[in-house]
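# Structural characterization, general
Here is how the chains run, residue by residue.
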Amino acid sequence: MGLFQRERTEEKASFSHQITDEVRVTPEARDQLIQLVQNEEDIVGIRIFIYGGGCSGMNYGLTFVESPQEIDCVLEQDGLKIFVDPVALGVLEGVEVDYQTQGLNSSIVFRNVFQNIGGSGGCGGCGASGGGGGGCA
């Protein structure tokens, strides 16, 4: 036996899968998303995801979830479940999901996207903005 011994503890730090204030969903968006989920069979919620990169920057979107993944973080709010994988959550932290109506058009909109990583959520393609470079703001 050595002079120093490390105590073993049975308690392990657990990862919280519950999303609190990282993602905000307005009441209008929540109501619309609940209605969309209820109109589909075998759907348990909505997934917010990110994709892309490179010159055009990252993009984001929504899709239906039939069965959540083991690593998903979950926002449960008044009957709505929103699933986000931990990597995407780190990038999307601070996002607000809202429902917007302009004239005859209505849509789910994202505000403050990518603010956690210094982006504005608006990206330009290669060479598209000013003197050639493009990329995210």
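Residues numbered from 1 in each chain as written. Predicted model: local features only at pLDDT ≥ 70, side-chain atom pairs only at ≥ 80, totals over all residues. Heavy atoms only, no water.

What follows deals with the overall build of the chain. Summing up its helical and strand segments, the chain has two helices and nine strands in all. Its helices and strands taken in sequence order, the chain reads β-α-β-β-β-β-α-β-β-β-β from the N to the C terminus. Contacts in the chain between residues far apart in sequence, at least 24 positions, make up 52% of those at least 6 positions apart. Accessible surface for the chain amounts to roughly 9,200 Å². Of this, 47% is attributable to carbon and sulfur atoms. (Helix = DSSP H or I, 4+ residues; strand = E, 2+ residues; numbered from the N terminus. Contact = heavy atoms within 4.5 Å. Areas by Shrake-Rupley, 256 points an atom, 1.4 Å probe, with all protein chains shown as cover.)

Next up on the list: the sheet that holds strand β4 (residues 73-77). The strand order across the open sheet formed by four strands is β3-β2-β5-β4, and the pairing between neighbours is mixed. Of all strands in the sheet, those with a lone pairing partner are β3 (58-65) and β4, marking the two edges. When the angles between neighbouring strand axes are averaged without regard to direction, this sheet yields 25 degrees. In terms of strand pairing, strand β2 (residues 45-52) meets strand β5 (residues 80-84) through two bridges, oriented parallel. Across the sheet, residue Ile46 finds its bridge partner in β5, namely Ile82. Sitting on the sheet, helix α1 (residues 27-38) touches β2, β3, β4 and β5, and the angle it makes with β5 is about 90 degrees. (Pairing = 2+ DSSP bridges. Axes fitted to C-alpha atoms, helices over the stretch in contact; angles between N-to-C directions.)

The buried count for β5 comes to four of five residues, which makes it a mostly enclosed element. Both β4 and β5 contribute to a ladder of five bridges, which runs antiparallel. Bridging from a neighbouring strand, Cys73 pairs with Val84 of β5. Counting the residues that bridge the hairpin from β4 to β5 gives two residues, and of these Asp78 lies at a positive phi of roughly 50 degrees. (Buried < 20%, exposed > 50% of the residue type's maximum accessible area, 1.4 Å probe, protein only.)

Time to look at the nonpolar core. Formed by 21 residues in total, the largest nonpolar core has its most connected members in Val23, Val25, Ile48, Ile82 and Val97. Counting only elements with at least two residues in this core, the list comes to β1 (23-25), α1, β2, β4, β5, α2 (86-92) and β6 (95-102). Top element by residues in this core is α1. It accounts for four residues. (Core = buried A, V, L, I, M, F, W, Y, C linked by side-chain atoms within 4.5 Å.)

The next subject is the sheet that holds β6. Reading across the sheet, the three strands line up as β1-β6-β7 and stay open at both edges, with mixed pairing between neighbours. Two strands in the sheet have a free side with no partner beyond their single neighbour: β1 and β7 (105-111). Neighbour-to-neighbour, the strand axes of this sheet turn through a mean angle of 25 degrees, independent of strand direction. With seven bridges connecting them, β6 and β7 associate as antiparallel partners.

Read these as layout, nothing more, since geometry by itself doesn't imply function.
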